[in-house]
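# Descriptive analysis of the structure
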Amino acid sequence: MILVTEVSHALLCLPQCPEWNVILCDARADVLSLACCCGPAGCALCCGCCPKFRQSRSTRFMYALYFILVALLCCVMMSKTMPKEMKEHIPFYEDLCKGIKAGDTCQNLVGYSAVYRVCFGMACFFFIFCLLTLKINNSKSCRAHIHNGFWFFKLLLLGAMCSGAFFIPDQETFLNAWRYVGAIGAFIFIGIQLILLVEFAHKWNKNWTAGTASNKLWYASLALVTLVMYSIAAGGFILMAVFYTQKDGCVENKILLGANGGLCLLISLVAILPCVQNRQPNSGLLQSGLISCYVTYLTFSALSSKPVELVLDDRGKNVTICVPDFGQDLYRDENLVTGLGTTLLIACILYSCLTSTTRASSDALQGRYAAPELEVARCCFCFGPDGEDTEEQQNVKEGPRVIYDEKKGTVYSYSYFHFVFFLASLYVMMTVTNWFNYESANIETFFSRSWSIFWVKMASCWICVLLYLWTLVAPLCCPSRQFSV
């Protein structure tokens with residue numbers, strides 16, 4: 001494995017002249033293919049026109065690609081039109097289904113039960129690697145090489161585990177038990193993202209506040225951003241009150257809007273209380289404004305997912321109330337909505353997985369934060385002041401397309417990375433199958449209204465507020481402990 005990588009490096013470091021390229025073209029292609037399949041080299045080695053890749057990023061990119069493939073497969077399995085299309089366009093489709101014992105029309109390979117089995121295989125795949133990569137601090141160890149390489153064999157293993165889940169005995173008991181495991185894991189995944197959102201709000205305010213000591217313009221930036229976020233939150237609640245409530249009826253919507261609006265006002269007042277300011281000087285309206293915006297978004301999303309209310313009008317016909325009149329047109333083009341919904345789902349999950357597995361996010365979940373005096377105010381505060389690994393980039397101007405940025409140690413927790421993707425697998429399973437309304441779920445009704453989705457979003461909204469409130473009042477409740485955000 002190491003030999004393959006070194007040979008590939010030697011080939012890539014040769015002079016870039018036409019004669020060398022002609023002579024070494026075939027040998028280089030063979031070695032690079034072998035390096036991508038077995039060695040720790042990233043797949044950017046296979047393309048000379050690709051930008052330079054850090055090894056840590058290329059590894060995470062490959063695991064994310066595997067995740068996308070399985071997630072798209074789950075979406076295809078939840079499509080009610082897919083079996084019909086395959087039957088019409090694939091010759092001997094019914095004979096093939098009978099040959100693999102998947103039913104007359106492969107009905108065992110579609111629907112929520114098939115998604116549960118495939119996600120079980122993907123979750124087991126990431127959970128095994130989570131255990132395999134425990135306590136890895138050196139990228140040169142044997143287990144680290146397994147994590148960073150052998151992509152072809154990992155793809156075979158993932159496919160085998162997803163396929164093997166269809167042969168688990170006593171499928172009914174397995175599906176019933178796995179459903180609850182999936183719900184627990186999905187809620188944990190949501191919880192991790194909410195914790196990181198609250199941590200992000202505190203980090204943002206602390207970073208920009210650090211700049212006010214040297215440049216008073218940071219005060220203006222803080223004030224402007226805070227004003228914009230509160231304007232968005234207030235405008236959002238006003239628009240929801242206009243479109244999702246009526247003079248008569250819509251009592252539930254009125255209560256929810258009043259309660260969530262009151263929570264936004266509550267966290268804003270608590271954030272500027274003198275007792276809170278004394279224990280946490282970095283607490284301010286910027287964090288509460290960001291949380292208020294998120295609460296506004298979740299409230300809108302929950303109301304959009306709530307089943308419509310039907311009443312009889314003067315003519316005796318059923319009419320919908322408490323929803324915008326233009327809202328019904330959003331669900332007419334099923335293909336557009338399905339494609340948009342699937343893309344947004346996968347994009348949001350990938351963003352959550354990749355951002356929550358950085359070293360800074362991992363430390364934040366464990367309560368470790370950078371010292372305030374080390375903060376350097378900058379607009380893009382999520383990155384280092386000079387970017388990541390600038391020294392590596394300066395030293396590697398020619399040669400390999402992969403920058404080995406883990407020579408001194410791992411730049412992220414391998415085990416935690418796989419654990420987050422394990423939870424994300426369960427979240428995909430529950431989301432695609434419409435949570436607890438799985439029996440009637442299909443991908444064409446991804447944006448359909450259901451009570452389970454409504455309550456999941458409302459619960460997420462309230463948990464986010466409670467987490468933020470706890471970061472404010474915890475120093476007051478436990479004065480002997482040291483809190484740092």
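Residues numbered from 1 in each chain as written. Predicted model: local features only at pLDDT ≥ 70, side-chain atom pairs only at ≥ 80, totals over all residues. Heavy atoms only, no water.

### With respect to the packing of helix α9 (residues 171–210) against helix α13 (residues 285–305)
Definition in use: Axes here refer to lines fitted to C-alpha atoms; in helices the fit is confined to the stretch in contact. Angles between the N-to-C directions go from 0 to 180 degrees. Strands are runs of DSSP state E lasting at least 2 residues, helices are runs of H or I lasting at least 4, and numbering of each runs from the N terminus. Each crossing gets its hand from how the near helix is turned against the far one by less than a right angle, where anticlockwise is left-handed and clockwise is right-handed. Here, residues are in contact when the closest pair of their heavy atoms is within 4.5 Å. Residues are grouped as follows: nonpolar covers Ala, Val, Leu, Ile, Met, Phe, Trp, Tyr, Cys and Pro; charged covers Asp, Glu, Lys and Arg; every other residue, Gly included, is treated as polar.
Two numbers describe how α9 lies on α13: the axes approach to 8 Å, and their chain directions differ by 145°. Judged by the sense of rotation from one axis to the other, the crossing of α9 with α13 is right-handed. Seen from α9, the contacting residues are L194, L197, V198, F200, A201, H202, W204 and N205; seen from α13, they are L286, Q287, L290, I291 and Y294. For the contact of α9 with α13, the per-class residue count stands at 10 nonpolar, 3 polar and no charged.

### Focus on the packing of helix α10 (residues 217–243) against α13
To be explicit about the condition: Put simply, angles under 35 degrees are roughly parallel, angles over 145 are roughly antiparallel, angles from 65 to 115 are roughly perpendicular, and the rest are oblique.
Put simply, α10 and α13 touch, their axes get as near as 9 Å, and they point 25° apart. Between α10 and α13, the interaxial angle falls into the category roughly parallel. Our pair here, α10 against α13, has a crossing hand that is left-handed. Of the residues in α13, those touching α10 at L222, V225, T226, M229, Y230, I232, A233, G236, F237 and M240 are L285, L286, S288, G289, L290, S292, C293, V295, T296, T299, F300 and L303. Class assignment of the residues belonging to the contact of α10 with α13 gives a composition of 15 nonpolar, 7 polar and no charged.

### Quick look at the packing of aromatic side chains
Put simply, the rule reads: Paired rings are identified among Phe, Tyr and Trp, the last through its six-membered ring, by centres lying within 6.5 Å, and are further divided according to the angle between planes into stacked (under 30 degrees), edge-to-face (over 60) and tilted (the rest). Using a 1.4 Å probe on the protein chains alone, a residue whose accessible area is under 20% of its type maximum counts as buried, one over 50% counts as exposed, and one in between counts as partly exposed. Criterion for a charge above a ring: Lys NZ or Arg CZ within 6 Å of the ring centre, and within 35 degrees of the ring normal.
Tallied over the full model, the rule gives 30 aromatic pairs. Here W455 and W462 contribute two aromatic rings whose centre-to-centre distance is 6.5 Å and whose plane-to-plane angle is 55°, an arrangement assigned as tilted. Since its relative accessible area comes to 44%, W455 is described here as partly exposed. The class of W462 is partly exposed, set by a relative accessible area of 30%. Put simply, the rings of Y63, Y66, F67, F125, F126, F129, W151, Y412, Y414, F417 and F421 touch in pairs and so form one group of aromatic residues. Sitting over the face of the ring of W151, K154 holds its NZ or CZ atom 4.1 Å from the ring centroid.

### Topic: the confidence of the model for the protein
The condition is simple: What pLDDT conveys is the predictor's confidence in a given residue, as a value from 0 to 100.
For the protein, mean pLDDT is 74; residues scoring 70 or higher make up 65% of the total. Averaged over each element, pLDDT in the protein is lowest for helix α1 (residues 2–12) (40) and highest for helix α11 (residues 251–271) (92). Segment residues 327–333 is flagged for pLDDT under 50; beyond a separation of four residues in sequence, or across chains, it makes 8 contacts in the model. Across residues 384–399, confidence stays below pLDDT 50; counting only partners more than four residues off in sequence or on other chains, it has 17 contacts.

### What about helix α18 (residues 451–477)?
Convention followed: Helices are assigned an expected span. That span is 1.5 Å times one less than the residue count. Bend, at a single residue, is the angle you get between axes fitted to the 7 residues ending at that residue and the 7 residues starting at it.
When the terminal C-alpha atoms of α18 are compared, their 36 Å separation across 27 residues agrees well with the 39 Å that a helix rising 1.5 Å per residue should span. Taken as a whole, α18 carries its principal kink of about 40° at T471; the proline P475 stands between one and four residues after it.

### Structural notes on the pattern of salt bridges
When the charged atoms of two side chains lie near each other, side chains of opposite charge can form a pair. Threshold: Should a side-chain nitrogen of Lys or Arg be within 4 Å of a carboxyl oxygen of Asp or Glu, the pair is scored as a salt bridge.
Under the counting rule described, the total for this entry stands at 1 salt bridge. The partner of K306 in a salt bridge is E252, and the shortest N-O contact between them spans 2.9 Å. Here K306, found in the loop between α13 and β2 (309–312), pairs with E252, found in helix α11; they are 54 residues apart in sequence, far enough to count as distant. Residue classification places K306 among the buried residues on the basis of a relative accessible area of 5%.

### Notes on the environment of S460
The test is simple: Within 3.5 Å is the distance limit for a polar contact, defined as a pair of N or O atoms, with the added protein rule that one can donate a hydrogen and the other accept it, and that residues adjacent in sequence qualify only through two side-chain atoms.
As for its placement among the helices and strands, S460 is situated in helix α18. Among the residues examined, S460 registers a relative accessible area of 7% and is labelled buried. Along the sequence, S460 and G191 sit 269 residues apart, while their C-alpha atoms lie 7.8 Å from each other. Side-chain polar atoms of S460 contact the backbone oxygen of V456, separated by 2.8 Å.

### Concerning helix α17 (residues 414–432)
Here α17 is 19 residues long and its end C-alpha atoms lie 27 Å apart, about the 27 Å a rise of 1.5 Å per residue gives. After α17 finishes, the residue N434 shows a positive phi value of roughly 65°.

### Digging into unusual backbone geometry
The phi dihedral of K135 falls on the positive side, at around 55°, and the residue is not glycine. Tracing the sequence through the fold places K135 in the loop between α6 (112–132) and α7 (142–148). For K135, a relative accessible area of 78% translates into the label exposed. Positive phi, normally seen in glycine, also occurs at N434, with a value near 65°. As for its position among the elements, N434 is in the loop between α17 and α18.

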